[in-house]
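# Observations on the model geometry
One letter stands for each residue in the lines below.
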Amino acid sequence: MPVTGEMLIGAATLRGTEGDIHAVNPATGETMAPAFGGGGAAEVERACALAEAAFGPYRETTPEQRAGFLEACAQAILDLGDALVERACAESGLPRGRIEGERGRTVGQLRLFAQEVRDGGWLDARIDPAQPQRQPLPRADLRLRQIPVGPVAVFGASNFPLAFSVGGGDTASALAAGCPVVVKAHSAHPGTSELVGRAIQSAVKACGLPEGVFSLLFGSGAKVGSALVADPRIQAVGFTGSFAGGTALLKVAQSRPQPIPVYAEMSSINPVFLLPGALAKRAAAIGQGFVGSLTLGAGQFCTNPGLVLGVEGAALDTFAQAATGALQGAAAQTMLTPGIHKAYVEGVARLASNNRVQSLAEGVAGPGPYQGRAALFSTTAEHFAADHSLLEEVFGAASLIIRCPDEATMLRLAQQIEGQLTATIQMEDEDLELARRLVPVLERKVGRILVNGYPTGVEVGHAMVHGGPWPATSDGRTTSVGTLAIRRFLRPVCYQDFPEALLPEALRPGNPMRLWRRTDGVLGRD
Ligand SMILES: NC(=O)C1=CN([C@@H]2O[C@H](COP(=O)(O)OP(=O)(O)OC[C@H]3O[C@@H](n4cnc5c(N)ncnc54)[C@H](OP(=O)(O)O)[C@@H]3O)[C@@H](O)[C@H]2O)C=CC1
Ligand SMILES: O=C(O)CCC(=O)C(=O)O
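Just so it is clear, the structure is predicted and the values come from calculations on it, not from any experiment.

Thresholds, definitions, all that
- Residues numbered from 1 in each chain as written.
- Chains lettered and ligands numbered in written order.
- Predicted model: local features only at pLDDT ≥ 70, side-chain atom pairs only at ≥ 80, totals over all residues.
- Heavy atoms only, no water.
- UniProt positions renumbered as here; feature names shortened; annotations may be inferred.
- Helix = DSSP H or I, 4+ residues; strand = E, 2+ residues; numbered from the N terminus.
- Core = buried A, V, L, I, M, F, W, Y, C linked by side-chain atoms within 4.5 Å.
- Buried < 20%, exposed > 50% of the residue type's maximum accessible area, 1.4 Å probe, protein only.
- Domains from an automatic or database assignment.
- Contact = heavy atoms within 4.5 Å.
- Near = heavy atom within 4 Å.
- Polar contact = N/O pair within 3.5 Å; in protein donor to acceptor, adjacent residues only side chain to side chain.
- Areas by Shrake-Rupley, 256 points an atom, 1.4 Å probe, with all protein chains shown as cover.
- 1 Å grid on protein atoms, 1.4 Å probe; cavity = no way out; pocket = protein on both sides within 12 Å on 5 of 7 lines; lining within 4 Å.
- Sits in = over half its atoms within 2 Å of the grid points.
- Nonpolar A, V, L, I, M, F, W, Y, C, P; charged D, E, K, R; others polar.
- Phe/Tyr/Trp six-rings, centres within 6.5 Å; stacked < 30°, edge-to-face > 60°.
- Lys NZ or Arg CZ within 6 Å of the ring centre and 35° of its normal.
- Pairing = 2+ DSSP bridges.

Once that is clear, we can look at the UniProt feature "domain: Aldehyde dehydrogenase" (unreviewed entry) in the chain. The feature "domain: Aldehyde dehydrogenase" (unreviewed entry), as given by UniProt, occupies residues 19–468 in the numbering adopted here. With 44% helix and 18% strand, residues 19–468 has its two end C-alpha atoms placed 37 Å apart.

This is how it looks when you write it as structure tokens:
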């Protein structure tokens, strides 16, 4: 399938006229063909009008039809074959193995949501049957189900050009919920975006769905992205990117006459707590494992472990030495964009020039124009507590070790840390008592707590939480990965005293959809 540089507005393809966007191959610095025409107000208007028109019929599709559509999207993405893998590698600088793995994750995610739609648990059907004889007042017949919120705007992320982009988790969960999707493509990988967009567009057609179920726009975030979020037909937003981008969109959403939710995944430094028993037994091994996680994908994961806390002493020194040794051998890796590379270099320079911070190690330099070298720093708990800038995310393979004088200080710092996607505890049995004090603190700070693992690499499943309190995300009550992500795009409606013929099928007597339903609070399939 050729890449043409056109936007996909429903079933149409259309060249934008508001300035050209070019992908840059970050491995070589070369500008890639073709030029992608940026969209403007007219394309936002058209895509949103089509999405609104599609919403009615799309939300009425049966679970089987919607699941079939998600599976058709997955197959169409696979059918793009090597052209997709090559384009994504060239536009992101990520190696082939990583992109192939990410394609598997993307396709698996669409298929998982297909199963979720068929299962029907997301409808959360609840029935409180009427109690006409109840004293002192009778009870009405009350029935609840979840319905989709309406058209959703999705912003593709730069660091996962497949799994968090045009056909990624936000799109999959919104489509699964029954919401048409308008994607604002990330300008770093427009060709990858167009290919995946065309695959979804072809699946919409093959499944006989209304064309407005999916559209893809190119253009600047500040113009096209903001206009999209401001459009009154858009009812929710999914975003992964910078704190500045996420909060700008939040402001637009909150300034609308009808404010809407923005599910923005933003910045996270993912603290790792090294408890004394674990350090005593495994300091060197933890140091090596930690560097593996830190340098994965040039550190361009929002789950990257950017902060390590331990009680100072010989065992923490052993950890730092092992991490230093591993990191000094780490090859430089091409970063996603010239801008992200520049931000990383500046972030590392900021840490290196901070006189409260000690530079421990730097990775091997590389020949590419936009390669990042891993970097490891260390500071004291006292300096860390006094310098708020040390909490800022340096997006890339940089991390900071905090040397705490004692366990109480480590716990106090845990309380001071802002909201995060993850926290990791390295522990042994003898650390149980300390871990028991740490966990309640971390529960209030993060979406996922790991024991004896490393935070990068998010499993897509039913029990995953990829979210967390501000500023990790703009709404810590939810997740952007896993089947629970569908909840972001649903809202409950209660039907009171409806005649059977008017009730939605999910709530009818006799349970024709064979759903698990909560009747008078008791889960069953009757
Ligand atoms: N926590 C995380 O998961 C991630 C964090 N980052 C952080 O973000 C930095 C930049 O990376 P990038 O991926 O480009 O993230 P950005 O937040 O800059 O961009 C993400 C998307 O949002 C749009 N956007 C950006 N600013 C605005 C705005 N003010 N109003 C409306 N839309 C906007 C962009 O449009 P446009 O096409 O115009 O750029 C793009 O489509 C990284 O250096 C890193 O610090 C990046 C990726 C993931
Ligand atoms: O670690 C992962 O697999 C996902 C990380 C992520 O969501 C991100 O970097 O944006």
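Next, the rest of the story.
So, about the nonpolar core. Membership of the largest hydrophobic core comes to 146 residues, with the highest contact counts inside it found for Phe69, Leu217, Phe273, Leu275, Leu309, Phe319 and Ile402. Residues lining this core come from more than one domain, with at least three contributed by each of domain 1 (7–21 + 33–131 + 138–266 + 476–488) and domain 2 (271–451). Once residues lying within four places of it in the same chain are set aside, the contact partners of Phe69 are Tyr58, Leu175, Ile200, Ala203, Val204, Cys207, Leu209 and Val213. One finds Ala157, Ala163, Val458 and Val481 within the second-largest nonpolar core, a separate group that totals ten residues.

This paragraph deals with the site of ligand 1. In the vicinity of ligand 1 lie 22 residues, with Ser158, Lys184, Ser187, Ser242 and Met266 positioned nearest. Contact distances for ligand 1 include 2.5 Å between an oxygen atom and a side-chain N or O atom of Ser187. Within the contact set of ligand 1, an oxygen atom lies 2.5 Å away from a side-chain nitrogen or oxygen of Ser242. Within the complex, the protein chains bury 80% of what would otherwise be the 860 Å² of accessible surface of ligand 1. Among the cavities detected, the one that contains ligand 1 is the largest pocket. Of all the secondary-structure elements, those providing two or more residues to the shell around ligand 1 are helix H7 (221–230), strand E10 (236–240) and helix H8 (243–255). Tallied by class, residues from the shell around ligand 1 come to eight nonpolar, twelve polar and two charged. Domain assignment of the residues forming the shell around ligand 1 places at least three in each of domain 1 (7–21 + 33–131 + 138–266 + 476–488) and domain 2 (271–451).

Attention shifts here to the site of ligand 2. Taken together, 13 residues form the shell around ligand 2, and within it Arg105, Asn159, Cys302, Thr303 and His466 come nearest. Within the side chain of Glu265, a nitrogen or oxygen atom sits 3.4 Å from an oxygen atom of ligand 2. Contact with the protein chains removes 99% of the 290 Å² of surface that ligand 2 exposes when unbound. Taken together, the residues of the shell around ligand 2 sort by class into five nonpolar, six polar and two charged. Formed jointly, the shell around ligand 2 draws a minimum of three residues from each of two domains, domain 1 (7–21 + 33–131 + 138–266 + 476–488) and domain 2 (271–451).

On inspection of all chains with the given rule, the structure shows nine aromatic pairs. Joined through ring pairs, the aromatic side chains of Phe160, Phe164 and Phe301 make up one cluster. Here Arg66 stacks its cationic end above the ring of Tyr58, 5.6 Å away from the centre of that ring. In this structure, Arg98 packs its charged tip against the face of Phe160, placed 4.4 Å from the ring centre.

In this section: the pairing of strand E18 (residues 398–404). Side chains on a regular strand alternate between the two faces of the sheet. Most of E18 is tucked away, with six of its seven residues classed as buried. Taken together, the five bridges between strand E13 (residues 307–311) and E18 define a ladder with parallel strand orientation. Paired with Gly310 across the two strands is Arg403, which belongs to E18. Relative to E18, strand E17 (residues 375–380) is paired through six bridges, and the arrangement is parallel. By the bridge assignment for E18, Thr380 is matched with Arg403.

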